[in-house]
Amino acid sequence: MKDKKWMLSLTLGLVLVAALGFWGYRQADARRTMEAALNNKYQRAFYDLTTHVQNMEVLLSKTLVGQETRQDTFLLMNLWQEADAAQKELGQIPVPDGLMTRTMKYLTQVGDYANTLAKQTIDGKPKTDEQWRTLRYLYSQSSGLNEELHNIESHVADGRLTLSELTTQTRKGLRKEGPQLANNNLQTLDKKMQQFPTLIYDGPFSDHLADKKPLGITGDSINADQARSKALGFIDRRGNKDYVANVVHTQKGRTPSYQVDITSCPVRENERITAAISRQGGNVLWMLNSRAIGDKKVSLESAGDRAAKFLAGKGFKNMQSTYHEVQDRLAIYNFAATQGGVVLYPDLVKVSVALDTGQVVGFEASNYWDSHRDRKISAPRLTLAQARKKLSPHLEGVSGGRLALIPLSPDTETLTYEFKGNLGKDVFLVYINADNGREERLLRVVDTEEGVLTV
Amino acid sequence: MGNGEKRQLNGWYRRCYTYLAILCGAAALLAIFWQGHMALAQNAVLYWGSSGPEVKKVQARLNGWGYYHGPIDGYYSGKTQEAVKDFQRNNGINPDGVVGSGTWLALGYSSGGQSASYVPQDGGSSRGITNRDSSYLLARVIEGEAADEPYVGKVAVGAVILNRTQSASFPGSLAGVIYQAHAFESVSNGHYTRPVTEEALRAAQEAMSGWDPTGGALYFWNPSKSVSPWIWSRNITGQIGRHVFGY
């Protein structure tokens, strides 16, 4: 009797141990396979990065001697692509926060710079001496980067370094405690990129844009109390409810502002409004109402009217509705400023309307305040009829032809005629330069369920 | 070796095996339970006495729809139960006061991994050109990173992600930024696959339309959690909810 019990517990124990062992083995095996797959993915990204950086170095050296327009354009376009690809691969390597930002920025800027120069070359303007010197500097940087990457590659190749260990190291926070081979190598690499000078050119990633002052914000500084009353005066009230401005935070950033929290009194339906008022000039930068939105009762047309009326009531004169997006029970309307009949696409204001009551629950004007000012718009050299002749003969049902100012790069705005036309079912917007008749931009208009998109 | 000694030894072995068996059994049970628990972590069944963020979610939703007027505190009280019953009655669900999969669905949350509010459209005149995919992806990360933040905090997290796509130091596409290694905790640990709420989708949409409550921030972090000291070297723009923002 006693023996039987002993045997039973022994067998049970053995079965359990065996089952657990088998389960554990399977788990460990699966983990190994996953880790290998992950490591291979990282290796692939790393080797591709090395290849792209090497190609960049070669292309950069070629741009220094290339002179002919056709050849130069080709080299610069290739350089843009290689830099872009290298940047993407670098983003795949699991390095901790902020370790590779400098290298990342270098790759982005080389691509962006090449792209800007390529456009300039196509326009028939050869690169200036200063641009040549910048290219030479970029070339020497790429050689350094290339060298360092090959150095790391030799560690990867002989197995001293596996990239997947970066993932676990970072998670454990070992980074702080001891020098790690992979991190160290990459850190050295990023340090070398620190000596890179600021790069100023006419592209979206140029360094000078980071501290560009908003052009539309002028006037004296206001205090927190003024911000409070400004915000209270701005919101779209529902019925005769009372609203109370509660807390005011200060917000730094490019346009320093006061952030005002407002609640309806008594609080209903989670109605909590936050608005940001610029410290200089006291302009409303944005406003968000987080109340829940009930069932749709308001049509898109009347919601659009509500948005337009709201803007007019807040002192935004001469605004033109451009397009809208619908997100479930919320519609977002875009308005562009106009000046003397010219639509100013850089000066955009967005208004979101709740489709249950038609209340304005959101307002965003940071683009507007960044670029809005009284512009000197010279009269177009081409007439509407002349511009229209520049359109493609394949474009059908051409309409429109209003003057529009469009941003072509962060620093240039161009006066154009805006035409709408279609090819079959596809609808396009074509922007013809009002001075020289060049086709500056081509947008496709897509009607989706969520509204009108331009791509 | 004497007989008595042998018996004693046998007894010792026996006890040892029994303990081992019990230990193994417990371990196996624990493993099974753990896996099961992980699978059920998404929108569990809630009833009187439940507590936690899931309850908060229900309370917030019922409050928004006018069924519940009590505090949104994460405790499934009698008041919450009454509100749930009212909601169930109005929606043709058996009014038992228990939030099961049917009630979750009616509340706009799905009990599985998929969200009820996202229905892929087949291409109409747009033939597949849409920004729905991006806003949904963004909404998932917002939900993963800022589920318990106020609405403005959700838009702010969305804005940080979008600011990164515009920054030279980060990948240039939305997916590139979101799936960058170590960039977002909820993506690294898989929590961003939680079902997306309507509020997160709305926040994603407003962030994509240009709302940026952060003043151009590229980083956000929760100071009460352990963060790498490096992060404090950023220029801080401000705080929204529990997150500090900086660039």
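Residues numbered from 1 in each chain as written. Chains lettered and ligands numbered in written order. Predicted model: local features only at pLDDT ≥ 70, side-chain atom pairs only at ≥ 80, totals over all residues. Heavy atoms only, no water.

Draft legend 1. Local environment of the overall build of chain A. Of the regular secondary structure elements, chain A holds 10 helices and 13 strands. Once local pairs closer than 6 in sequence are excluded, the contacts in chain A between residues at least 24 apart make up 58%. When the accessible surface of chain A is split by element, carbon and sulfur atoms take 53% of a total near 23,200 Å². (Helix = DSSP H or I, 4+ residues; strand = E, 2+ residues; numbered from the N terminus. Contact = heavy atoms within 4.5 Å. Areas by Shrake-Rupley, 256 points an atom, 1.4 Å probe, with all protein chains shown as cover.)

Draft legend 2. Quick look at the overall build of chain B. Scanning chain B for helices and strands turns up nine helices and three strands. Taken from N to C terminus, the helices and strands of chain B fall in the order α-α-α-α-α-α-α-α-α-β-β-β. Per-residue burial for chain B yields a buried fraction of 45% across its 247 residues. Here the analysis covers contacts within chain B between residues at least 6 apart in sequence; of these, 55% occur between residues at least 24 apart. With the model as given, the accessible surface of chain B reaches about 12,200 Å², and the carbon-plus-sulfur share is 55%. (Buried < 20%, exposed > 50% of the residue type's maximum accessible area, 1.4 Å probe, protein only.)

Draft legend 3. Main features of the sheet that holds strand β2 (residues 236-240) of chain B. All names here are of chain B. Sheet architecture is open: three strands sit in the order β1-β3-β2, paired in antiparallel fashion. Where the open sheet ends on each side, the last strands, each with one partner, are β1 (219-221) and β2. Mean inter-strand twist for the sheet, computed between neighbouring axes without regard to direction, equals 25 degrees. Of the pairings in the sheet, the one linking β1 to strand β3 (residues 243-246) comprises three bridges and is antiparallel in character. Each residue of the ladder has a partner; that of tryptophan 221, found in β3, is valine 244. (Pairing = 2+ DSSP bridges. Axes fitted to C-alpha atoms, helices over the stretch in contact; angles between N-to-C directions.)

Draft legend 4. Molecular detail of empty space enclosed by the protein. Residues and elements named next belong to chain A. For the structure on display, the rule yields two cavities of 30 Å³ or more. Volume-wise, the second largest cavity comes out at about 30 Å³. Around the second largest cavity, the lining residues are Leu49, Val53, Leu90, Met100, Thr103, Leu107, Leu145, Leu149 and Leu189. For the lining of the second largest cavity, the secondary-structure elements that each account for two or more residues are α1 (2-65), α3 (101-122) and α4 (129-157). For the lining of the second largest cavity, the residue count by class is eight nonpolar, one polar and no charged. (1 Å grid on protein atoms, 1.4 Å probe; cavity = no way out; pocket = protein on both sides within 12 Å on 5 of 7 lines; lining within 4 Å. Points joined across faces, edges and corners; volume = space filled by probe spheres on them. Nonpolar A, V, L, I, M, F, W, Y, C, P; charged D, E, K, R; others polar.)

Draft legend 5. Inspection of the nonpolar core at higher detail. If you look at the biggest cluster of nonpolar residues, it comprises 100 residues, and the most contacted ones within it are A:Met287, A:Val349, A:Val351, A:Phe363 and B:Ile161. A per-element tally of this core places helix α6 (residues 151-165) of chain B first, with eight residues. The contact partners of A:Val351, leaving out residues within four places of it in the chain, are A:Ala307, A:Phe310, A:Leu311, A:Ala331, A:Ile332, A:Tyr333, A:Phe335, A:Val360, A:Gly362, A:Phe363 and B:Trp211. Counting residues in hydrophobic clusters, the runner-up holds 39 residues, among them A:Ala45, A:Ala83, A:Met100 and A:Ala114. (Core = buried A, V, L, I, M, F, W, Y, C linked by side-chain atoms within 4.5 Å.)

Draft legend 6. Spatial organisation of α3(A). Residues and elements named next belong to chain A. Between its terminal C-alpha atoms α3 stretches 31 Å, which fits the 32 Å expected from 22 residues at 1.5 Å a residue. Within α3, 19 of the 22 residues are buried, leaving the element largely enclosed by the surrounding structure. Immediately downstream of α3, the backbone of glycine 124 shows phi near 85 degrees, a positive value. (Expected span 1.5 Å × (residues − 1).)

Draft legend 7. Region of interest: the confidence of the model for chain A. Residues and elements named next belong to chain A. Here chain A shows a mean pLDDT of 85. Residues at 70 or above account for 91%. Mean pLDDT across the elements of chain A ranges from a minimum in helix α5 (residues 164-172), with 58, to a maximum in strand β8 (residues 360-364), with 94. Within the model, pLDDT remains below 50 along residues 171-179, and this stretch shows eight contacts once partners closer than five positions in the same chain are excluded. (pLDDT = per-residue confidence, 0-100.)

Draft legend 8. Summary view of the packing of aromatic side chains. All chains considered together, the criterion is met by 15 aromatic pairs over all chains. Each ring, one from A:Tyr417 and one from A:Phe419, has its centre 6.5 Å from the other, and the planes form 35 degrees; the classification is tilted. With a relative accessible area of 6%, A:Tyr417 lands in the buried category. Joined through ring pairs, the aromatic side chains of A:Phe234, A:Phe310, A:Phe316, A:Phe363, A:Tyr368 and A:Trp369 make up one cluster. Taking NZ or CZ as reference, B:Arg202 lies 4.8 Å from the ring centre of B:Tyr151, over its face. (Phe/Tyr/Trp six-rings, centres within 6.5 Å; stacked < 30°, edge-to-face > 60°. Lys NZ or Arg CZ within 6 Å of the ring centre and 35° of its normal.)

Draft legend 9. Fine view of the environment of A:Glu82. Residue and element names in this part refer to chain A. Position of glutamate 82 relative to the elements: it lies in helix α2 (residues 69-92). Taking C-alpha positions, glutamate 82 is 9.1 Å from threonine 51, a pair spaced 31 residues apart along the chain. At a separation of 3.2 Å, a polar atom in the side chain of glutamate 82 contacts the side chain of asparagine 55. (Polar contact = N/O pair within 3.5 Å; in protein donor to acceptor, adjacent residues only side chain to side chain.)

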